[in-house]
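Architecture at a glance
These are the residues of each chain, in order.
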Amino acid sequence: MSSSDIFIGETIGTAVLILLGGGVCAAVTFKRSKAYEAGWVAIAFGWGFAVLTGAYLAGGVSGAHLNPAVTIGLAIEGGTKWSDVPLYLGSQLLGAMIGAVLVWATYYGQFRAHLTDPEVLAAQPDDDGLVDQKAAPKAGPTLGVFSTGPEIRNVVQNLITEIIATVVLVLAILTQGLNDGGNGLGTLGALITALVVVSIGLSLGGPTGYAINPVRDLGPRIVHALLPLPNKGGSDWSYAWIPVAGPLIGGAIAGGLYNIAFK
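What this report covers is the structure whose coordinates are included nearby. This is a predicted model, so every value here is computed, not measured. (Residues numbered from 1 in each chain as written. Predicted model: local features only at pLDDT ≥ 70, side-chain atom pairs only at ≥ 80, totals over all residues. Heavy atoms only, no water.)

1. Thoughts on the side chain of glutamate 77
Relative to the assigned elements, glutamate 77 resides in helix H3 (residues 68-77). Despite its burial, glutamate 77 pairs with no opposite charge, the nearest such side chain being lysine 263 at 4.2 Å. (Helix = DSSP H or I, 4+ residues; strand = E, 2+ residues; numbered from the N terminus. Buried < 20%, exposed > 50% of the residue type's maximum accessible area, 1.4 Å probe, protein only. Lys, Arg positive; Asp, Glu negative; His and termini not counted. Salt bridge = Lys/Arg side-chain N within 4 Å of Asp/Glu carboxyl O.)

2. Things to note about the pattern of salt bridges
Evaluation of the coordinates by the stated rule reveals three salt bridges. When the shortest N-O distance is used, the salt bridge between lysine 31 and aspartate 117 registers 2.7 Å. One end of the pair, lysine 31, is in the loop between helix H1 (3-29) and helix H2 (40-62); the other, aspartate 117, is in the loop between helix H5 (108-115) and helix H6 (118-122), with 86 residues separating them in the sequence. Classification of aspartate 117 by relative accessible area gives buried; the value is 16%. Residues arginine 221 and aspartate 217 are paired through a salt bridge, measuring 2.7 Å at the closest nitrogen-oxygen approach. Separated by four residues within a single helix, arginine 221 and aspartate 217 lie in helix H10 (residues 214-226), roughly one turn from each other.

3. Digging into a nonpolar patch on the surface
A cluster of nonpolar side chains, namely Phe7, Ile8, Ile12, Leu57, Val61, Leu94, Ile98 and Leu102, defines an oily patch on the protein surface of about 640 Å² accessible area. Within the secondary structure, valine 61 sits in helix H2. (Patch = residues over 30% accessible without salt bridge, like charges linked within 9 Å, V, L, I, M, F, W, Y side chains within 5 Å. Areas by Shrake-Rupley, 256 points an atom, 1.4 Å probe, with all protein chains shown as cover.)

4. Some details on helix H9 (residues 188-204)
The terminal C-alpha atoms of H9, which comprises 17 residues, lie 24 Å apart, in line with the 24 Å expected from a rise of 1.5 Å per residue. All buried positions along H9 are accounted for by Gly189, Ala190, Thr193, Ala194, Val196, Val197, Val198, Ile200 and Gly201. As for H9, its buried residues are in contact with H2 and helix H8 (155-174). (Expected span 1.5 Å × (residues − 1). Contact = heavy atoms within 4.5 Å.)

5. What to know about empty space enclosed by the protein
This structure, assessed with the given rule, holds one cavity of 30 Å³ or more. Surrounding the largest cavity, Ile18, Gly22, Trp47, Ala100, Val103, Val145, Phe146, Arg216 and Pro220 form its lining. For the lining of the largest cavity, the secondary-structure elements that each account for two or more residues are H1, helix H4 (85-106), helix H7 (143-146) and H10. Its residues placed into classes, the lining of the largest cavity shows seven nonpolar, one polar and one charged. (1 Å grid on protein atoms, 1.4 Å probe; cavity = no way out; pocket = protein on both sides within 12 Å on 5 of 7 lines; lining within 4 Å. Points joined across faces, edges and corners; volume = space filled by probe spheres on them. Nonpolar A, V, L, I, M, F, W, Y, C, P; charged D, E, K, R; others polar.)

Structure below.
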């Protein structure tokens, strides 16, 4: 693959992944959306189909890593040159930011309605974590459209959860190459990966929202910090390192495990 193939494939594929994945989060979050309160199952399948679409778009161009954890796992396994890793990671981050901006553009009216809704603003928790309906308005819950956050804030548990979930994802991707006499699954691999993402979301996503992809979280979080959204609140940078470090560690572990157990 040429450098231009990697850049184009990873940028466009990751942008579509985040557009569709962030889009389902927006659809479920906003009261003025037809999918309002559709629930966790809709989010899990929405992200799975987002992976499927992005992977089909980029598969024949860049190999459709779309995820630094996958890139690191493949580099450790030997399927990707280490010299190509920076280009993969930079393209993925750019694509994730583009996808997040497209989510904002698509749901522009819903963002404005949500973040100026008195009921939404008044229902946000105070600094002590309690909701006070008489308190001054707090920021609406839009960060969840862009990035993940834990239900219980425990650094060790949150990090371990992201590591475990990412190991499952990257191992499932790496072991596809063992099928069909070592020829892999071809285009069917994108569907299998998408279903694995759905499974992870349903089974392991409850504690942290399952980033399992550093740029899926970091790129949109940067966009959230930069967008001119009224009453948007903070971008929770104190937590932001966990959905970056956890998946990267998980991808490296998966690559190592593959070399030990499957080669």
